[in-house]
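Each chain, letter by letter, is given below.
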Protein chains: 2
Amino acid sequence: MIGYPNKKKGSSSQVTINNAARRGMSLEEDINASNDYYRVNNLAVIYKKPTPIQIVDVYYPSRNKAKIVEAYFRQPSTTDYNGVFSGFYIDFEAKETQNKTTFPLALIHKHQLDHLRSVHLQGAVSFVIIRFTRYNETYLIYSETLFEWLAQETTRSIKLTWIREHGRLIQSTYHAPCDYLAIIKRDYFEVKK
Amino acid sequence: MIGYPNKKKGSSSQVTINNAARRGMSLEEDINASNDYYRVNNLAVIYKKPTPIQIVDVYYPSRNKAKIVEAYFRQPSTTDYNGVFSGFYIDFEAKETQNKTTFPLALIHKHQLDHLRSVHLQGAVSFVIIRFTRYNETYLIYSETLFEWLAQETTRSIKLTWIREHGRLIQSTYHAPCDYLAIIKRDYFEVKK
């Protein structure tokens, strides 16, 4: 591996993360990397769920092999991420937009909002993570706050100004490029407890 | 629909479930039906995770269609079921065996046991559901109990006699053919709280 100093992302010489370095990393990659860090360090066990697939035809070239030769993407009926943190059930959806001033709510499916409502009623810590890629600003908005917005608004776009005011800005750290757990820790342990 | 009294499973005339009627229903189907019932009645929000698939090639016959033409099954890194019940994070794996006297632990992957350990450490209500299809007996065994067994035993098979003693027998009700939630309710609300 010596002789390829730039081959691996996150080499040991890279100790600070700046916006430029993070550009090009998707929100999903950042969340997955953060979840890996949380998991390895026993901070939380949170996974992205597999993409739901409708399998139509499978070919078995040999006894132990199975090749799916016809399948289709299905609409997810839940959010993409869930897991457990210090006894709390965590559930969220994450979306990014290249828009400048608004987040189109259509990016979150209706059944995902319904799911957030259901888990919220069951006592979940549920939220959405929204990133404005142009500014590299990522926010956590609790379901409760989002439902309040939904109850009042008739438009289908959430203004960035509203999000900046009602959301929690998520920091990017070296180990957790989308460190949403820090927000939950602060809100549930330092304030509510 | 009149004139086809036997067409639908679970028609209104069928009010009791006996072992004979349930024979042929897989454990997965019973759990999914129970989860549907829990969800619709706001008792709990628990889902089976989609099967993890490695997608290799996708064909796009038109702009909005996507047909997966090459994909493979991946080993799951977590258990199959998770969700939330009254603020508790619920996580479990379910397996059935046709064996008469033992459950082969090999049916539960090592990384699934590791996952149960991790979520248990984070305060989850975690367990396995094991069904002996020959007797139509289904048991819930808490992770904690299973880990105690693992720490003491050197064999890779759990005796049915041990399971009968240390597990909780799950009842089958009309609405919830594998009513594991009743066990959790009893253990966490009536005893521990």
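This text follows the structure it describes.
Residues numbered from 1 in each chain as written. Chains lettered and ligands numbered in written order. Predicted model: local features only at pLDDT ≥ 70, side-chain atom pairs only at ≥ 80, totals over all residues. Heavy atoms only, no water.

Participant: Summarise the overall build of chain A; cite the residues concerned and give the values.
Facilitator: For chain A, the helix and strand inventory stands at six helices and 10 strands. A buried classification covers 41% of the 193 residues belonging to chain A. Put simply, 62% of the contacts in chain A that link residues at least 6 apart link residues at least 24 apart. Accessible area of chain A: about 10,800 Å², with a carbon and sulfur share of 49%. (Helix = DSSP H or I, 4+ residues; strand = E, 2+ residues; numbered from the N terminus. Buried < 20%, exposed > 50% of the residue type's maximum accessible area, 1.4 Å probe, protein only. Contact = heavy atoms within 4.5 Å. Areas by Shrake-Rupley, 256 points an atom, 1.4 Å probe, with all protein chains shown as cover.)

Participant: Let's hear about the interface of chain B and chain A: which residues, and what values?
Facilitator: Contact with chain B, which involves 35 residues of that partner, is made by 35 residues of chain A. Between chain B and chain A, a total of about 2,800 Å² is buried, with carbon and sulfur atoms accounting for 66% of that surface. Where chain B touches chain A, the interface holds zero salt bridges. Where chain B packs against chain A, one counts 11 residue pairs in polar contact (both at pLDDT 80 or more). Where the side of chain B that touches chain A is concerned, the elements lending two or more residues are β1 (45-48), β2 (53-59), β3 (67-73), β4 (81-85) and α3 (110-121) of chain B. Among the elements that make up the side of chain B that touches chain A, the one with the highest residue count is β3(B) (seven residues). Split into classes, the residues belonging to the side of chain B that touches chain A amount to 20 nonpolar, 12 polar and three charged. In the sheet, strand β3 (residues 67-73) of chain A pairs with β3(B) via four bridges, with the strands oriented antiparallel. Paired with A:Lys67 across the two strands is B:Tyr72, which belongs to β3(B). (Buried area = accessible area lost by both parts, 1.4 Å probe. Salt bridge = Lys/Arg side-chain N within 4 Å of Asp/Glu carboxyl O. Polar contact = N/O pair within 3.5 Å; in protein donor to acceptor, adjacent residues only side chain to side chain. Nonpolar A, V, L, I, M, F, W, Y, C, P; charged D, E, K, R; others polar. Pairing = 2+ DSSP bridges.)

Participant: Go over the packing of α3(B) against helix α4 (residues 143-152) of chain B, please, and point to the residues and values.
Facilitator: Residues and elements named next belong to chain B. At a closest axis distance of 10 Å, the pairing of α3 and α4 adopts a crossing angle of 125°. Here α4 runs oblique to α3, going by the angle between their axes. Crossing angle aside, the handedness with which α3 passes α4 is left-handed. Counted together, Leu 113, Leu 116, Arg 117 and His 120 of α3 and Ser 143, Glu 144, Leu 146, Phe 147 and Leu 150 of α4 form the full contact between these two elements. For the contact of α3 with α4, a count of residues per class yields five nonpolar, two polar and two charged. (Axes fitted to C-alpha atoms, helices over the stretch in contact; angles between N-to-C directions. Parallel < 35°, antiparallel > 145°, perpendicular 65-115°, else oblique. Left-handed = near helix turned anticlockwise from the far one by under 90°.)

Participant: Outline the relation of the copies chain B and chain A, supporting the account with residue identities and numerical values.
Facilitator: Each of the two chain copies can be brought onto the other by rotation about an axis and movement along it. Superposition of chain B onto chain A requires a rotation of 180° combined with a translation of 0.0 Å along the rotation axis, giving an RMSD of 0.0 Å. Between the two chains, the operation in question is that of a two-fold axis. In this assembly, 100% of the residues forming the interface of chain B have copies in chain A that are likewise at the interface, indicating an isologous arrangement. (Least-squares fit on C-alpha atoms with pLDDT ≥ 70 in both.)

Participant: Mind laying out the pairing of strand β5 (residues 88-97) of chain A, listing which residues take part and the relevant values?
Facilitator: Residue and element names in this part refer to chain A. Burial runs high along β5: eight of the 10 residues are buried. Note: strand β4 (residues 81-85) against β5, five bridges, orientation antiparallel. Each bridged residue has a counterpart across the sheet, and for Gly 83 the counterpart in β5 is Ile 90. Counted between consecutive antiparallel strands, the loop separating β4 from β5 contains two residues, among which Ser 86 sits at a positive phi close to 50°. In the sheet, β5 pairs with strand β7 (residues 125-132) via eight bridges, with the strands oriented parallel.

Participant: Tell me about the sheet that holds strand β2 (residues 53-59) of chain A, and please be specific about residues and values.
Facilitator: Spatially, four strands are ordered β2(A)-β3(A)-β3(B)-β2(B) in an open sheet, and the strand pairing comes out antiparallel. This sheet does not close on itself; its edge strands, each paired only once, are β2 of chain A together with β2 of chain B. Strand-to-strand, the axes of this sheet are offset by a mean angle of 35°, without reference to chain direction. As paired elements, β2(B) and β3(B) share six bridges and run antiparallel to each other.

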